[in-house]
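Architecture and fold: a report
Residue-level listing of the chains:
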Amino acid sequence: MEAAVTSHKSVEPAVPGRAALPEQRAEAAGRSAAAGAPGAGAPDAAARGASRGLWISSTYFAEGLPYAIAHKVAGEFFTAAGASLEIIGLVSLYGLPWNLKFLWSPLVDLHGSSRRWLVGAEIALAVILLGLAAAADSGALGLVAALFGLVAVAAATHDIAVDGFYLQALDKDAQAAFSGLRVGAYRLALLAGALLVAFAGWASFGASFGVAAIGLALLAGAHGVGLPRPAVAARPEAAAAPRVATAPGAAAGLRRYVEPFRAFLRQPRIASSLAFILCYRAGDALMFAMSSPLLKSLGLDTAARGNVGGIGTVASIAGSTLGGVIIKRWGLARTIFPIALAQSLAILLYVALAWSRPTLPWIVALVTLEQFIAGVGTAVLVVFLMRRCMDGYKSSHFAIGSALMSVSATFAGSVSGYLAAGVGFTAFFAIAFAASIPGVVLSRWVPRD
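About the thresholds
- Residues numbered from 1 in each chain as written.
- Predicted model: local features only at pLDDT ≥ 70, side-chain atom pairs only at ≥ 80, totals over all residues.
- Heavy atoms only, no water.
- Axes fitted to C-alpha atoms, helices over the stretch in contact; angles between N-to-C directions.
- Helix = DSSP H or I, 4+ residues; strand = E, 2+ residues; numbered from the N terminus.
- Parallel < 35°, antiparallel > 145°, perpendicular 65-115°, else oblique.
- Left-handed = near helix turned anticlockwise from the far one by under 90°.
- Contact = heavy atoms within 4.5 Å.
- pLDDT = per-residue confidence, 0-100.
- Salt bridge = Lys/Arg side-chain N within 4 Å of Asp/Glu carboxyl O.
- Buried < 20%, exposed > 50% of the residue type's maximum accessible area, 1.4 Å probe, protein only.
- Phe/Tyr/Trp six-rings, centres within 6.5 Å; stacked < 30°, edge-to-face > 60°.
- Core = buried A, V, L, I, M, F, W, Y, C linked by side-chain atoms within 4.5 Å.

Now for the packing of helix 13 (residues 270-279) against helix 19 (residues 360-386). Axis separation between helix 13 and helix 19 bottoms out at 12 Å; the angle between their running directions is 150°. Overall, the two elements helix 13 and helix 19 adopt an arrangement that is roughly antiparallel. Here helix 13 runs over helix 19; the crossing is left-handed. Residues Ser-273, Phe-276 and Ile-277 of helix 13 touch helix 19, and the partners they reach there are Leu-381, Phe-384 and Leu-385.

See below:
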């Protein structure tokens, strides 16, 4: 999960009756200077696009890497340690901070800025990963498990800040246009996670975590210096309800905390939107949780699983890029159902893997094809979530939507090991396919604007 200011974003008007804070004035001045004062010669469109692409790519790479560590690398670590299917499935519980991040997402909107939270979380992640590097090869599995939990909490907070920053810095058209790039950069980080696994098979997991810590520390430094300073839109209730400023402190604070949730739930057809977000990736969540144990049962060691995962992730990056292009050209309304259907049918490729137990070339081909289709599917969900975000609450609303999206990944994944151990891999992946069908059906009923 970064260079210059996006010049299309104008400075937001001040809220009547309230002076701009010094930090807001400074950020506005920085934006005006970066955008180019009259006569100063603003950068051309190509240069602006390149600068946007740079910071979008680097922030979403920094978002994806700790996610890969808390999910994929953690699962591979415990798989290599010889843990049972049940324990490996419980690794999905590291997704709980992503499920619950909406509880503290208003803090990012209300205190400081998304930019500051983003850089601070990256520094914290680098420190935690250094601790994980020291503990990974010591045999202290309890300490390692706890440090993975800290990675998950810091990474979920970082997600809130990165997504909020993206939504603040780009207008609606640019958000859709760059959706493929942001998903692609995120999935490139997942590729880096697969390479960390392969490196651990060659060296050690401790060395892999050390490399990840250095990478995040470098990204934190680059973002602290180079990220733009976007305007922050006034929250809707600021103008509609100025009495908040004179309300008792506790009551005003509670209102400010609750209002993002109320605004999210007031959106049209919110019930179908919530159901769709919860169900869209349920089948994929089951499949993903048991993918490493399946590949291990097919005879692939840690390094081989990392290599196969890396090839699949490259395919998913290509898929997410294509998904962004498709959505930009034909729109969300025309693409959401066929892409949801294709994503569901792709799970049957894992049924074929488990049933036929093919040779390595076929394993690589089927994993690659499934990951390509999954990348296209992810681009659709990202755009759908962005369309549910209101001005003034972008960090909070995207956090709410993405937290709901991850609920299925956490809880489906946590029971996956018990289910796979009970019915076998072939029947398990068939059940995963069945779990994907409600999301396909719901894609016909959700808002498409």
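Right, let's get into the environment of Pro-293. Tracing the chain through its elements places Pro-293 in helix 15 (residues 291-297). Taking the C-alpha atoms as reference points, Pro-293 and Glu-76, separated by 217 residues in sequence, lie 8.8 Å from one another. In this structure Pro-293 touches Leu-85, Ile-88 and Phe-425, once residues within four positions along its chain are discounted.

So, on to the confidence of the model for the protein chain. Put simply, the protein chain has an average pLDDT of 81, and 84% of its residues get 70 or more. When mean pLDDT is taken per element in the protein chain, helix 18 (residues 348-356) scores highest with 96 and helix 1 (residues 22-35) scores lowest with 40. This stretch, residues 1-43, has a pLDDT under 50; its non-local contacts, to residues over four places away or in other chains, come to 73 contacts. Confidence over residues 237-247 falls short of pLDDT 50; this stretch has 11 contacts with residues more than four positions distant or in other chains.

All chains considered together, the criterion is met by seven salt bridges. Put simply, Glu-259 and Arg-262 hold a salt bridge, and the shortest N to O gap is 3.6 Å. Separated by three residues within a single helix, Glu-259 and Arg-262 lie in helix 12 (residues 249-265), roughly one turn from each other. When its relative accessible area of 43% is taken as the criterion, Arg-262 is described as partly exposed. As a salt-bridge pair, Arg-281 and Asp-284 come within 3.1 Å of each other at their nearest N and O atoms. A relative accessible area of 15% means that Arg-281 is categorised as buried. Shared partners join several salt bridges into a network, and the residues in it are Lys-72, Glu-76 and Arg-305.

Another point: the packing of aromatic side chains. All told, the structure shown has 17 aromatic pairs when counted by the stated rule. Ring plane angle 40° and centroid distance 5.6 Å describe the contact between Phe-199 and Trp-202, whose orientation is recorded as tilted. Of this pair, Phe-199 and Trp-202 are both found in helix 9 (residues 179-202), three residues apart, which corresponds to roughly one turn of the helix. Phe-199 gets classed as partly exposed once you look at its relative accessible area, which sits at 26%. When the ring of Phe-425 is compared with that of Phe-429, the centres are 6.3 Å apart and the planes differ by 25°; the resulting orientation is stacked. Of this pair, Phe-425 and Phe-429 both sit in helix 21 (residues 425-442), separated by four residues, roughly a single helical turn. Judged by its relative accessible area of 19%, Phe-425 is buried. Residue Phe-429 is classed as buried on the basis of its relative accessible area, which comes to 0%.

Before going further, it helps to spend a moment on the nonpolar core. Among the nonpolar cores identified, the biggest contains 41 residues, and Trp-55, Tyr-166 and Phe-276 are the most heavily contacted of them. The biggest single contributor to this core is helix 19, with nine residues. Not counting chain neighbours up to four residues away, the residues in contact with Phe-276 comprise Ile-336, Leu-381, Phe-384, Gly-439, Leu-442, Ser-443 and Val-446. The next biggest cluster of nonpolar side chains, apart from the first, holds 38 residues, and it includes Leu-65, Ala-74, Leu-125 and Val-144.

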